[in-house]
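Read off the chains here:
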Amino acid sequence: MNSPRPRLQPALFAMLLLYSSILVRGGAATAQAHEAFLPAAAAARSWADKPAMQEPVSPPVFEFHSGFWTNLHHFLYKLARDRKDSSKATDPFAGAKLAVVEQREWNVAVDYYAVNYADLDPAINVDLINLKNELGDAENCAEISGRSGPRCAMALPKEVAQILESAAPVYRAHWWSEHDRANRQWTEQVAPLVRQWGKDLAEELARVYQAKWPAGKVRVDVTAYADWAGAYTTLDPLRVTIASLDPRNQGQAALELLFHEASHGLAEPIQTAIVRECRIRGKPIPRDLWHAVVFYTTGEVVKDVLNEGGETGSGAYTPYAMREGLYTHRWSNYLRVIQKYWQPYLDGSADFGDAIARMVSSL
Ligand SMILES: [Zn+2]
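Caption draft 1: Inspection of the overall build of the chain at higher detail. Counting its secondary structure elements, the chain contains 13 helices and four strands. In the chain, which comprises 363 residues, the proportion classed as buried is 41%. The long-range fraction of contacts in the chain, counting pairs at least 24 apart against all pairs at least 6 apart in sequence, stands at 67%.

Caption draft 2: How the structure looks around the packing of helix 12 (residues 330-347) against helix 13 (residues 352-361). Packing of helix 12 against helix 13 brings their axes to within 8 Å, and their N-to-C directions diverge by 175°. As judged from the angle between their axes, helix 12 and helix 13 are roughly antiparallel. Between helix 12, through Val337, Ile338, Tyr341, Trp342, Pro344 and Tyr345, and helix 13, the contact on the second element is made entirely by Phe352, Ala355, Arg358 and Met359. Its residues assigned to classes, the contact of helix 12 with helix 13 comprises nine nonpolar, no polar and one charged.

Caption draft 3: Broad picture of the packing of helix 3 (residues 68-84) against helix 6 (residues 158-174). One can describe the packing of helix 3 onto helix 6 by two numbers: an axis separation of 11 Å at closest approach and a directional angle of 95°. On the basis of the axis angle, helix 3 is roughly perpendicular to helix 6. Counting all contacts with helix 3, which are made through Trp69, Leu72, Phe75 and Leu76, the residues of helix 6 involved are Leu164, Ala167, Ala168 and Tyr171. Looking at the contact of helix 3 with helix 6 residue by residue, the class counts come to eight nonpolar, no polar and no charged.

Caption draft 4: Local environment of the environment of Gln103. Secondary-structure assignment places Gln103 in helix 4 (residues 100-116). For the pair Gln103 and Val170, spaced 67 residues apart in sequence, the C-alpha to C-alpha distance is 8.3 Å.

Caption draft 5: Summary view of unusual backbone geometry. Residue Pro237 follows Asp236 across a cis peptide bond; omega there is 5°. The topology assignment puts Pro237 in the loop between strand 3 (231-234) and strand 4 (239-243). For Asp236, which is not glycine, the phi dihedral falls at a positive 50°. Within the chain, His329 stands out as a residue other than glycine whose phi angle is a positive 50°. Looking at where His329 falls in the secondary structure, it is placed in the loop between helix 11 (320-323) and helix 12.

Caption draft 6: View of the nonpolar core. If you look at the biggest cluster of nonpolar residues, it comprises 93 residues, and the most contacted ones within it are Leu76, Ala167 and Leu258. Here this core takes twelve residues from helix 7 (residues 176-209), the largest share from any one element. Taken together, domain 1 (10-252) and domain 2 (267-361) each give at least three residues to this core, which thus spans both. Excluding anything up to four places from it in sequence, Ala167 contacts Leu72, Leu76, Glu105, Trp106 and Ala109.

Caption draft 7: Region of interest: the environment of Ala161. Among the structural elements, Ala161 can be located in helix 6. Its 20 C-beta neighbours within 10 Å are what place Ala161 among the buried residues. Each C-alpha atom, one on Ala161 and one on Leu135, is 9.7 Å from the other, the two residues being 26 residues apart in sequence. Those residues in contact with Ala161, other than ones at most four positions away along the chain, are Ile144, Ser145, Met154 and Leu156.

Caption draft 8: Inspection of the confidence of the model for the chain at higher detail. Per-residue pLDDT for the chain has a mean of 83; in total, 81% of the residues score no lower than 70. The element-level mean pLDDT for the chain is lowest in helix 1 (residues 10-19), coming to 28, with helix 5 (residues 126-137) highest at 97. In this model, residues 1-54 is a region of pLDDT below 50 whose contacts with residues beyond four sequence positions or in other chains number 96 contacts.

Caption draft 9: Summary view of helix 7. Compared with an ideal rise of 1.5 Å per residue, which puts 34 residues at 50 Å, helix 7 spans 38 Å between its outermost C-alpha atoms and falls more than 12% short. Its axis deflected by about 60° at Trp197, helix 7 carries its strongest bend there. Of the residues trailing helix 7, Gln210 is marked for its positive phi of about 55°.

Caption draft 10: Region of the structure containing the environment of Lys303. One can find Lys303 in helix 10 (residues 289-308). Look at Lys303 and you get partly exposed, because 19 C-beta atoms sit within 10 Å. As a C-alpha pair, Lys303 and Glu256 span 47 residues in sequence and 8.5 Å in three-dimensional space. Sequence-distant contacts of Lys303, that is, excluding residues within four places in its chain, are made with Tyr317 and Pro319.

Caption draft 11: How the structure looks around the pairing of strand 2 (residues 218-223). With respect to burial, strand 2 is a largely interior element, five of its six residues being buried. Pairing of strand 1 (residues 62-65) with strand 2, which is carried by four bridges, proceeds in the parallel orientation. Paired with His65 across the two strands is Asp221, which belongs to strand 2. Of the strand pairs in this sheet, strand 2 and strand 4 are connected by five bridges, and their pairing is parallel. Across the sheet, residue Asp221 finds its bridge partner in strand 4, namely Thr241.

Caption draft 12: Representation of the sheet that holds strand 3 in the model. As summarised here, the arrangement of the four strands in space is 1-2-4-3, forming an open sheet in which the pairing is mixed. Where the open sheet ends on each side, the last strands, each with one partner, are strand 1 and strand 3. Mean inter-strand twist for the sheet, computed between neighbouring axes without regard to direction, equals 20°. Sheet topology places strand 3 next to strand 4; four bridges connect them, and they run antiparallel. In the strand pairing of strand 4, Thr233 is matched with Val240. On top of the sheet, helix 7 reaches strand 1 and strand 2; it is set at about 140° to strand 2, its chief contact.

About the thresholds
Residues numbered from 1 in each chain as written. Predicted model: local features only at pLDDT ≥ 70, side-chain atom pairs only at ≥ 80, totals over all residues. Helix = DSSP H or I, 4+ residues; strand = E, 2+ residues; numbered from the N terminus. Buried ≥ 20, exposed ≤ 12 C-beta atoms within 10 Å, placed from the backbone. Contact = placed C-beta atoms within 7 Å. Axes fitted to C-alpha atoms, helices over the stretch in contact; angles between N-to-C directions. Parallel < 35°, antiparallel > 145°, perpendicular 65-115°, else oblique. Nonpolar A, V, L, I, M, F, W, Y, C, P; charged D, E, K, R; others polar. Core = buried A, V, L, I, M, F, W, Y, C linked by C-beta atoms within 7 Å. Domains from an automatic or database assignment. pLDDT = per-residue confidence, 0-100. Expected span 1.5 Å × (residues − 1). Bend = angle between axes of the 7 residues up to and from the residue. Pairing = 2+ DSSP bridges.

Structure, rendered in structure tokens:
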């Protein structure tokens with residue numbers, strides 16, 4: 001039976017904020033939740049000198065988790081999707097030598113995910129969001145049906161709980177320790193960047209999005225695999241999932257990804273303004289325009305902070321969306337209006353509402 005996941009007491013949390021520490025819990029057989037609390041450095045930087053349009057921002061605190069069940073869930077989702085994509089044709093037993101009985105249990109789980117979940121988007125499908133949140137809360141419980149105590153009694157459809165519990169010993173024996181190690185390494189890689197630049201980024205992002213930085217800690221589930229994009233965010237509650245093994249999410253890009261995902265929690269004023277301008281003009285709402293604006297905005301803010309801070313050496317940081325070629329097809333048109341009408345707002349020479357209105361009217 002697992003011990004309840006230890007929680008930080010308020011006094012301890014304040015101390016962690018004060019010392020800008022990272023707390024990594026793990027190693028104990030009964031409680032392997034991996035939590036790193038990453039308050040940003042308190043030093044004032046150039047961003048802090050800009051006139052604040054919003055209330056002062058508390059240092060951003062990300063709470064990182066490397067949980068067994070949510071990692072199992074996302075691994076099964078990835079294998080199920082790969083099975084449907086003949087171009088990938090991933091061997092579901094890749095790198096692992098499974099006994100016959102293990103193969104059978106594992107196949108049942110991958111089959112179930114292929115039939116029920118592989119075609120769904122985990123960022124927007126309510127069933128998958130609920131499943132992901134429940135499995136995240138299960139952390140490293142030995143089981144998820146409540147046999148070991150109420151903390152591990154997750155609100156899951158019975159069939160799903162049984163499938164996952166049957167697959168769990170196979171995952172634990174063959175993949176989990178490697179995935180958990182990758183999650184911890186990813187977190188330790190991004191931690192110094194968050195401590196160094198997090199406060200500046202949070203202040204500037206809250207200012208440009210004209211929104212408050214999320215109150216409290218931003219929960220980040222670090223998983224070996226996530227969705228097709230390698231990271232996604234769900235709201236109410238705000239929770240970020242980031243894939244530690246995704247090559248797109250490494251180095252300084254990890255910092256941008258983290259703040260891009262957190263920016264999903266700040267993007268409502270942009271979404272609202274786009275909808276309002278479309279209604280005024282009787283135009284259809286450009287699909288994902290808000291998301292392109294968020295990719296561009298957070299990418300530029302991270303780029304400026306890293307470049308001004310000398311973090312990138314002689315080179316310049318290239319934002320994720322530019323580097324990964326996201327601005328193609330419909331998004332190439334979005335990039336055109338963003339650079340023409342939104343960039344002046346970021347530069348301080350245009351008004352937020354005017355910039356949105358001009359983008360919408362030009363599409
Ligand atoms: Zn996004």
